[in-house]
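Close look at the chain arrangement
What follows is each chain in one-letter form.
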Amino acid sequence: MTISLFAPLDMHLHLREGAMLRLVAPFSAAQFTGAVIMPNLVPPVDNLDRLAAYEAEIRSAVASYPFMPLMTLFFRAYDAATLHALRGRIFAIKLYPEGVTTNSTGGVSDLEAIEPTLAVMEELGIPLLVHGESHGFVLDRETEFLPVYERWAQTFPRLRIVMEHITTAAALELLDRYPNLFATVTLHHLLITLDDVAGGLLQPHLFCKPIAKRPSDRDALLAAALSGHPKLMFGSDSAPHPIERKEAAFCAAGIFSAPVLLPMLVELFERHHALDRLPDFVSGNACRIHGLKPPQREVRLVEDPWTVPPRYGDVVPFAAGQTLRWRVLTD
């Protein structure tokens, strides 16, 4: 049995730089025709020269694939002239509250002071992507940030606001209240809960930000994805770290899921008799919401079991050692 997906997109992807980028980027380009590239590097991608150099590095790493990197800027208080000049080079701007996740030092510390920049983004049609967490108790951080989304949705009704990698039922409820709110959700947040991370021996390769939540949250997200929620887009948040950064004190947050994304999504949607909803989740919704026109490419998967390797280079993948029923056919 073979399944075809047309122009699948990953709407939230970390590729890093240098040798790590060259290792991980081909896994994404083999399965997706494009991806939204996160800018939280060191230093961050926050100017034209940095943006151009990073895009060139990505394109070189995936040169054998028809792959469209959708570039983003790290949020600063950009003025109108800067955003006018960059509008044709970027897909969106990514906002990180200061210190909430990997490489977010230098993020936004005053969420009200940035509203002039949001007004310019609204005028220019530049989407706002947000890592929406507070600095409160770890299980409550996303919920505590929801009033910020609500204020921005009301104040800037023409600004497309994407709540990135949502993890709670409460975020889903807010999504339905405002026409300019949208969301991405990851594969791992459709599958795991906090119990998988820390219910027994600590599983560092399942530790991510936002942290996995309760079964009721996981089930709400899965139900929304399987039902074809029109404002929900797939974004992997695949985030590689070398094994010495994961199996260590001060463990880095991030799950490297890129090698297994489409095989596991097909298996998940098939198990729930919802394969007909998968194309919109991995492509159709994003194209409609953002007006995207990715390369017209068919990605085919065949039912052929394979075992996920324990490592790719020095990175441990999601589902390492597990046998998956589907694999991507290579051209």
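Residues numbered from 1 in each chain as written. Predicted model: local features only at pLDDT ≥ 70, side-chain atom pairs only at ≥ 80, totals over all residues. Heavy atoms only, no water.

1. Thoughts on the nonpolar core
Core analysis: the biggest nonpolar cluster contains 96 residues, and Leu128, Trp152 and Phe281 have the highest contact counts within it. The element best represented in this core is helix H10 (residues 261-271), accounting for seven residues. Setting aside residues no more than four positions away along its own chain, Leu128 makes contact with Phe75, Ile93, Leu95, Leu118, Met121, Trp152, Leu159, Arg160, Ile161 and Val162. With 18 residues, the next largest nonpolar core counts Met68, Leu70, Leu129 and Val162 among its residues. (Core = buried A, V, L, I, M, F, W, Y, C linked by side-chain atoms within 4.5 Å. Buried < 20%, exposed > 50% of the residue type's maximum accessible area, 1.4 Å probe, protein only. Helix = DSSP H or I, 4+ residues; strand = E, 2+ residues; numbered from the N terminus. Contact = heavy atoms within 4.5 Å.)

2. Things to note about the sheet that holds strand E6 (residues 128-130)
Taking strand neighbours across the sheet as the criterion, the eight strands line up as E2-E3-E4-E5-E6-E7-E8-E9 in an open arrangement whose pairing is parallel. Lying at the two open borders of the sheet, with one neighbouring strand each, are strand E2 (9-13) and strand E9 (232-234). Between one strand and the next, the sheet's axes are offset by a mean angle of 25 degrees, whatever the strand orientation. Looking at chain direction, E2 and strand E3 (residues 34-37) are connected through three bridges and run parallel. Its bridge partner lying in E3, Asp10 is registered against Ala35. On top of the sheet, helix H2 (residues 48-61) reaches E3 and strand E4 (68-74); it is set at about 150 degrees to E4, its chief contact. Contacts from helix H11 (residues 278-290) reach E2, strand E7 (161-163), strand E8 (181-185) and E9 within the one sheet, and its direction differs from that of E9 by about 125 degrees. (Pairing = 2+ DSSP bridges. Axes fitted to C-alpha atoms, helices over the stretch in contact; angles between N-to-C directions.)

3. As for the packing of aromatic side chains
Counted according to the given criterion, the structure contains eight aromatic pairs. Note on Phe27 and Phe256: the rings are 6.1 Å apart at their centroids and 75 degrees apart in plane angle, and the pair reads as edge-to-face. Note that Phe27 is positioned in helix H1 (residues 18-31) and Phe256 in the loop between helix H9 (243-246) and H10, a separation of 229 residues in sequence. Taking relative accessible area as the criterion, Phe256 reaches 2% and is therefore assigned buried. When the ring of Phe27 is compared with that of Tyr312, the centres are 4.6 Å apart and the planes differ by 65 degrees; the resulting orientation is edge-to-face. Placement of the pair is Phe27 in helix H1 and Tyr312 in the loop between strand E10 (298-307) and strand E11 (323-328), with a sequence separation of 285 residues. Here the aromatic cluster, defined as three or more aromatic residues joined through ring pairs, consists of Phe32, Phe234, Phe269 and Phe281. The ring of Phe182 carries the charged tip of Lys231 above its face, separated from the ring centre by 5.3 Å. (Phe/Tyr/Trp six-rings, centres within 6.5 Å; stacked < 30°, edge-to-face > 60°. Lys NZ or Arg CZ within 6 Å of the ring centre and 35° of its normal.)

4. Quick word on the packing of H1 against H2
Between H1 and H2, the shortest axis-to-axis distance is 9 Å and the interhelical angle comes to 50 degrees. It follows from the interaxial angle that H1 and H2 lie oblique. In terms of crossing hand, the pair formed by H1 and H2 is right-handed. On H2, the residues that touch Gly18, Leu21, Arg22, Ala25 and Pro26 of H1 are Tyr54, Glu57, Ile58 and Ala61. Among the residues making up the contact of H1 with H2, the classes are represented as six nonpolar, one polar and two charged. (Parallel < 35°, antiparallel > 145°, perpendicular 65-115°, else oblique. Left-handed = near helix turned anticlockwise from the far one by under 90°. Nonpolar A, V, L, I, M, F, W, Y, C, P; charged D, E, K, R; others polar.)

5. Focus: the sheet that holds E11
Taken in spatial order, the three strands make up an open sheet running E1-E10-E11, and their pairing is antiparallel. With one partner strand each, in any of the chains shown, strand E1 (2-6) and E11 form the two edges of the open sheet. Averaged over neighbouring strand pairs, the angle between their axes works out to 35 degrees when direction is ignored. Of the pairings in the sheet, the one linking E1 to E10 comprises five bridges and is antiparallel in character. The residue bridging Leu5 from the neighbouring strand is Val299, located in E10. Running at roughly 115 degrees to E11, H10 makes contact with E1, E10 and E11 of the sheet.

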